[in-house]
Structure formats: structure tokens, C-alpha cells
Amino acid sequence: MSNTGVADNILDVEKIRKDFPILTQSVRGKPLIYLDNAATTHKPNAVIERVRKFDAEEYGTVRRGAYKLSETATQLYEEARQKVADFMGAEKKGEIVFTSGTTQSINLVAHSFGKRFINEGDEIIISNIEHHANTVPWQVLCEDRGARLKVIPVNDDGELVMEEYEKLLSPKTRMVAINHVSNALGTINPIKEITEKAHAVGAKVLVDGAQSTPHMKVNVQDIDCDFYTFSGHKMYGPSGIGGVYGKMDLWEEMPPYVTGGDMIMQVTLEKSTYAKPPARFEAGTPPITQVIGLGAAIDYLDEIGLDKIADYENSLLEYGTRLFKEIDGVRIIGNARHKASIISFYIDAAHPHDVVTLLDQDGIACRGGHHCAQPTMIRYGVPATTRASMAFYNKPEELDALAESVKKCIRFFS
Ligand code: PLP
């Protein structure tokens, strides 16, 4: 244990940092301190090199060609799907549908599940602390189908009020769509309990896993959710790739969302029939290279171990929270008992956009804004927050530097 209290026997962070070439650079003459991992994460050499090798030596289209390059690419592509299935604890690899990321995944489910299962008078439940990606698609669906959107409130610490959730559930509830981890506050939601209660009234559950998959071990069979989404660029993999787990019996009943090549069984000029899942939901040429890169990112995370990552990041979170609580003039927004490594804070003296501009002068990359969670900002009475989101390559010394820079900011604006 170092004098910061952050456990230094869980991971060899200095060794891990050498895997990430981007972290060695200076910004404005200072060593880069990257604390915007909830927005997007950086890539280890293992991913960069795997993508380079694939593009240089193995690239081909998938699912079509009968020649060697295409066969190899198809095999690697399907191996990556298996890696994702294992990573998330899915029973079958075909339950994983590749998309461009969580946003497209939720739109896919809202459209397709909605077309098949949502009718006038039905109800969908979300929470007050969702990303817009898990809000707007359900609003649009409700408008289209004459359904009603209900919202679970949160308490002052950023936790879902579970008694209110229970009151919102009814036989009319068709879908409960909730994030596993809130990107704006860091709250870890009790999704297993949420799922159990939703299933008790016959509703299905979609978990937005954009912020959980990089930071904790997830098992979709244990949670028993019906859908679970993820984004590759938040998991140390490439951008433009992600996906959604869904239970096979549901996928089989759902109509396609995007149509065209590769998702059909047969096409005549009069009518088309559709392929079985997952192909039914993967029309067109997929982001092949990005899928291979995602597979390499999963190998990398598995090698380090998600349990160790979660333990180390919790330790960082505790240290950072302690530091921030000692700074006069800083208010932490989101103090849930169960949190992932996100500290969202507000300084009365300055707008977060100004705060992050000053932090940048010290080489510190933090996000200032509403984090695509405007209803959350409204709930806590702030226009925006400054957010430091940590990864396992961050060090306690970086949080010291952040705290000093924030103090400087408060002096500057006061
Ligand atoms: N859901 C949550 C909780 C997020 O944090 C994000 C991105 O920040 C998204 C959804 C959208 O993910 P993407 O932009 O990768 O589609």
C-alpha cells in the first residue's frame, strides 16, 4: 500500500502504462494525464498491432468469398464473436450481434423489439440517470406506438429509489431499460434485482453496459437480463464497433432493423425472407478490422483480469473521492454507495467548460459538460459537471495533480 492508500499490489501500473503508447506524450509541456476514460479509452499495443497485422496480412471480406483470405477473415471474425460471448458469459455465440456501439445497439432493440412487442397503452421504464442513448430511442418508440415512458427517480446521492421502481412496474410494463453504471455519476445500479422484479411482471430488461464492461466482470446469464449492450471504444478497443447480447428466443422472434445484403435467406422481386440471428441484424459489410481489434482488446482485458481491474479502480476512486472532499468549494455530484471509478463534480465559481479549459493547461484531459445526460443534470440542479473518469492505467499521483489543478482553478475564478 502506498502512502496514498491506493493498493499497489493489485496491478503493476507502471508496466501496464508501457502498453499504451499515447500515454507517454506531453500536452502543453506537461505529461498527459488522461482522465476521460468514460468518454473513450486508449488502445494498448496488443490492439494496435493486431489491427495492423490483420490489415497488412489477413484482411478480406467476411461471410462471402470462397477464397483463402475471405475464409481466414470470416474465421477470425467469428472467433471474435466467441470471445465477446465468453467475456459476457453468454450461453451461445450467436446471441452476440455486432453493431457500431451502444447507441446503435439500443436503437436496434428499440426498433425491432418495439415493432414486434410494443403496442398502444404499453409501458416502458427507464431511469432519471440514463445516457441520451438510453432515453431518446425509447421516447421515439413510445411516440410511434402510443406507449408510455415512465422514469425511476433517484435520491440525492444518485441511487435509484427502488421502492418507486416497484410502484412503476405493472402488467403493462413491456421493457425496463437501465444502465449498469451511470456515465454521469458513476452509480452502479442493482441490475440483478431490477431484472428479477421486471421479470416478475412479465417485462423484458435491456441493460446499457457501455460503462460497466470496461470496469467489472459481467455475466449476462447470472443477471438474467434479456439484452446487454457494449461499446468497443470504451473497452480499450477500436471505435465504430460494439454490440448487444440478446437471448436467442427473443432474437428469433424479432424483425430486422437495417435491411440489405447479408441479412437475408432469399430475395425475389416480390418478397424477401430473413437469415437467422445474428446475421439477420448485421446487414451489409461489417466493420471487419474493428471486430478483430475488439477481440484483441478482450484478450488484453482477460489477461489482466477484470476482478483485479475493478479492485484497483475502486482503490483509485476512494483516494480521489477523499482528495476532492477536502477541497473547499467542490461539490461531488453522485455519492452512491456502489460506484465505478467516476468522480463528477461542480465548482460554484466556474462553469465546467471553463474548468476543463484550465485543466488542459496542466495537461489534464477531463470532460466538462452534461455528458449526454441532461435529465440527470436537471435533477441535480447543475448545468453540467466536470468529470474525472479513471482507468486501470491511471496513477494516484495523477489524481494529486488533478486536485492541485482544481484548487488553482478555484483560486483563479474566485
Ligand atoms: N450509454 C452510456 C452509459 C454511455 O456512457 C455512452 C457513451 O458515453 C453511451 C451509452 C453511448 O455509447 P456510444 O457512443 O459508444 O454509442
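Residues numbered from 1 in each chain as written. Predicted model: local features only at pLDDT ≥ 70, side-chain atom pairs only at ≥ 80, totals over all residues. Heavy atoms only, no water.

### What to know about the packing of aromatic side chains
Following the criterion strictly, the structure yields 16 aromatic pairs and no others. Centroid distance Phe113 to Phe117: 4.8 Å. Interplanar angle 40°. Geometry classified as tilted. Here Phe113 pairs with Phe117, and both are found in helix α4 (residues 102–117), just 4 residues apart, close to one helical turn. Across the pair, exposure class does not vary: Phe113 and Phe117 are buried alike. Ring geometry for Tyr236 and Tyr393: centres 5.9 Å apart, planes at 90°, overall edge-to-face. Of this pair, Tyr236 sits in the loop between β9 (227–231) and β10 (242–246) while Tyr393 sits in the loop between β17 (385–389) and α14 (396–413), and the two are 157 residues apart along the sequence. For the residue pair Tyr236 and Tyr393, the accessibility class agrees, reading buried in each case. Among the aromatic side chains, those forming a connected cluster through ring pairs are Phe20, Tyr236, Tyr300, Phe392 and Tyr393. In this structure, Lys217 is placed above the aromatic ring of Phe87, and the distance from its NZ or CZ to the ring centre is 5.3 Å. (Phe/Tyr/Trp six-rings, centres within 6.5 Å; stacked < 30°, edge-to-face > 60°. Helix = DSSP H or I, 4+ residues; strand = E, 2+ residues; numbered from the N terminus. Buried < 20%, exposed > 50% of the residue type's maximum accessible area, 1.4 Å probe, protein only. Lys NZ or Arg CZ within 6 Å of the ring centre and 35° of its normal.)

### Details of the domain arrangement of the protein
One can read the domain layout of the protein as domain 1 (13–43 + 305–413) and domain 2 (48–303). Of note, the centres of domain 1 and domain 2, computed from C-alpha atoms alone, are 28 Å apart. Carbon and sulfur atoms make up 53% of the surface buried where domain 1 meets domain 2, a total of about 3,200 Å² over both sides. Of all residues in domain 1, Lys43, Leu306 and Arg379 give up the largest surface area on contact with domain 2, accounting jointly for 19% of the area buried on that side. Inspection of the domain 1/domain 2 interface yields 2 salt bridges. Between Asp156 and Arg379 there is a salt bridge, and its shortest N-O distance comes to 2.9 Å. Across the contact surface, domain 1 and domain 2 share 28 residue pairs in polar contact (both at pLDDT 80 or more). Residues belonging to the side of domain 1 that touches domain 2 are distributed by class as follows: 21 nonpolar, 13 polar and 8 charged. (Domains from an automatic or database assignment. Buried area = accessible area lost by both parts, 1.4 Å probe. Salt bridge = Lys/Arg side-chain N within 4 Å of Asp/Glu carboxyl O. Polar contact = N/O pair within 3.5 Å; in protein donor to acceptor, adjacent residues only side chain to side chain. Nonpolar A, V, L, I, M, F, W, Y, C, P; charged D, E, K, R; others polar.)

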